[in-house]
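# Structural features, examined
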Amino acid sequence: MSLITIIGRGHGGTRAISHTLIASNVFMGEPLNRSGDLLPPQAMYDACRVLARHVEWKGGLEWDFSALHTMPIPQEFTDLIHEYLKKVLAAKDEHKGWKIPETTLVFPWIVRMFPDIKYIHWVRNPRDNILSRHLTDDLGDFGVPQPDAEQLLRERYPALVEAAATPEQFEELVWRVRRAVSWQYQHAIVAATPKPANWIAVRFEDFVNHQEATLARLEAYLGIPLGRIVVRREVVGRYDRVEGASYFDFLEEGMREFGYDIPG
């Protein structure tokens, strides 16, 4: 029996791998929403807030996650995760798992609770990832300390502020900065966490553009044949077809790590 989970920010294309696993007779819990997220989510959301109490914000775009790797995991957190996963953990299916983007926010403690399961780290170019809203855009909703997006925008990118011609454009720009901060935080918390024994990183763009080769990697990793789902090429590189900024320089390190091009 194998247990699988997916780590990746919301709007990172994680529904593609969840739907692939469902098509491959992997039980992903029930009920599920259209994105393949296990519902109801409230216990997971509450677990995120428990962990966030122990993240130290160093100011700016720096966080210290070191306490998470050694401190006792609060029983409250463990109970919430077991509550969220109760149908998955109780299932007798040979292969089972779960997907919800907020798992990324609690990754350090999920690894400690489930060190031997199979992890799929699903990555998407942040320039596409920050174009649409997701529940995790404002990390403050999950108790995570963070910089004020508007202040960060005004202090670090005054030219972009000046170029915003309407209040609506400025508001969208603030939201893109906020989403970029969320992408950076989630990149940072994953990067700071010792990787489990079973770990694979997959770029959403590779799944879309090279589906067979990417599925072959995943099949070798998971040890099971995988179903094929329909993919749409136009979801990759959307940032070239929309107005407004889609890149902020604090994303550079993470983008280089995953082989994404840095704008000139």
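Placed above this text is the structure.
It should be emphasised that the depicted structure is a prediction, and the values quoted were computed from it without experimental measurement.

Our next topic: the overall build of the protein chain. The number of helices and strands found in the protein chain is 12 helices and 6 strands. For the protein chain, the C-alpha radius of gyration of 18 Å lies close to 18 Å, the compact-globule estimate for 264 residues. Dimensions of the protein chain, computed from the C-alpha atoms along their principal axes, are close to 60 × 40 × 30 Å. Burial statistics for the protein chain: of 264 residues in total, 55% are counted as buried. Relative to all contacts within the protein chain whose residues are 6 or more apart in sequence, the contacts with residues 24 or more apart total 77%. Summed over all atoms, the accessible surface of the protein chain reaches about 12,000 Å², with 50% contributed by carbon and sulfur. With 30 positive and 36 negative side-chain charges, the protein chain shows a spacing of 4 Å between the two charge centroids.

Right, let's talk about the sheet that holds strand β5 (residues 118-123) for a bit. The sheet built from 4 strands is open, its strands ordered β4-β1-β5-β6 with parallel pairing. At either end of the open sheet lies a strand with only one pairing partner, and these are β4 (95-99) and β6 (199-203). For this sheet the average axis-to-axis angle between neighbouring strands, irrespective of direction, equals 20 degrees. Inspection of the sheet shows strand β1 (residues 2-7) paired to β4 by 5 bridges, in the parallel sense. Following the sheet pairing, S2 is matched in β4 by H95.

Moving on, we come to the packing of helix α2 (residues 42-52) against helix α3 (residues 75-84). Contact geometry for α2 and α3: axes closest at 8 Å, N-to-C directions at 160 degrees. One finds that α2 runs roughly antiparallel with respect to α3. In terms of crossing hand, the pair formed by α2 and α3 is left-handed. Counting all contacts with α2, which are made through A43, M44, D46, A47, V50 and L51, the residues of α3 involved are E76, F77, L80, I81, E83 and Y84.

A full pass over the atoms with the stated rule returns 16 salt bridges. Salt bridges linked by common partners bring R9, D137, E172, R176 and R179 together as one network.

Summarising the element assignment, Q184 is placed in helix α9 (residues 167-191). Judged by its relative accessible area of 11%, Q184 falls in the buried class. Setting aside residues no more than four positions away along its own chain, Q184 makes contact with F250 and L251.

Within the structure shown, the criterion is met by 11 aromatic pairs. With a centroid separation of 5.5 Å and an interplanar angle of 65 degrees, the aromatic rings of W122 and F207 are classed as edge-to-face. Of this pair, W122 sits in strand β5 while F207 sits in helix α10 (residues 204-209), and the two are 85 residues apart along the sequence. F207 carries the same exposure label as W122, and that label is buried. Arranged with centres 6.2 Å apart and planes meeting at 15 degrees, the rings of F248 and F250 form a pair that is stacked.

Below, the discussion takes up the pairing of β1. The buried count for β1 comes to 6 of 6 residues, which makes it a mostly enclosed element. Neither face of β1 is exposed, since S2, I4 and I6 on one face and L3, T5 and I7 on the opposite face are all buried.

We now examine unusual backbone geometry. Residue P31 is bonded to the preceding E30 through a cis peptide linkage, with omega at -5 degrees. Locating P31 in the fold gives a position in the loop between α1 (14-22) and α2. Residues L39 and P40 are joined by a peptide bond in cis, for which omega reads -5 degrees. Assignment of secondary structure puts P40 in the loop between α1 and α2.

Quick look at helix α11 (residues 211-222) now. Helical geometry: 3.6 residues make up each α-helical turn, so side chains three or four residues apart lie on a common side. With 12 residues, α11 extends 16 Å between its outermost C-alpha atoms, agreeing within 8% with the 16 Å of an ideal straight helix rising 1.5 Å per residue. Looking at the buried side of α11, the elements it contacts are β1, α1, β5, β6 and α10. Phi turns positive, to about 75 degrees, at G223, one or two residues after α11.

Rules used throughout
- Residues numbered from 1 in each chain as written.
- Predicted model: local features only at pLDDT ≥ 70, side-chain atom pairs only at ≥ 80, totals over all residues.
- Heavy atoms only, no water.
- Helix = DSSP H or I, 4+ residues; strand = E, 2+ residues; numbered from the N terminus.
- Rg over C-alpha atoms; globule rule 2.2 N^0.38 Å.
- Buried < 20%, exposed > 50% of the residue type's maximum accessible area, 1.4 Å probe, protein only.
- Contact = heavy atoms within 4.5 Å.
- Areas by Shrake-Rupley, 256 points an atom, 1.4 Å probe, with all protein chains shown as cover.
- Lys, Arg positive; Asp, Glu negative; His and termini not counted.
- Charge placed at Lys NZ, Arg CZ, Asp CG, Glu CD.
- Pairing = 2+ DSSP bridges.
- Axes fitted to C-alpha atoms, helices over the stretch in contact; angles between N-to-C directions.
- Parallel < 35°, antiparallel > 145°, perpendicular 65-115°, else oblique.
- Left-handed = near helix turned anticlockwise from the far one by under 90°.
- Salt bridge = Lys/Arg side-chain N within 4 Å of Asp/Glu carboxyl O.
- Phe/Tyr/Trp six-rings, centres within 6.5 Å; stacked < 30°, edge-to-face > 60°.
- Expected span 1.5 Å × (residues − 1).

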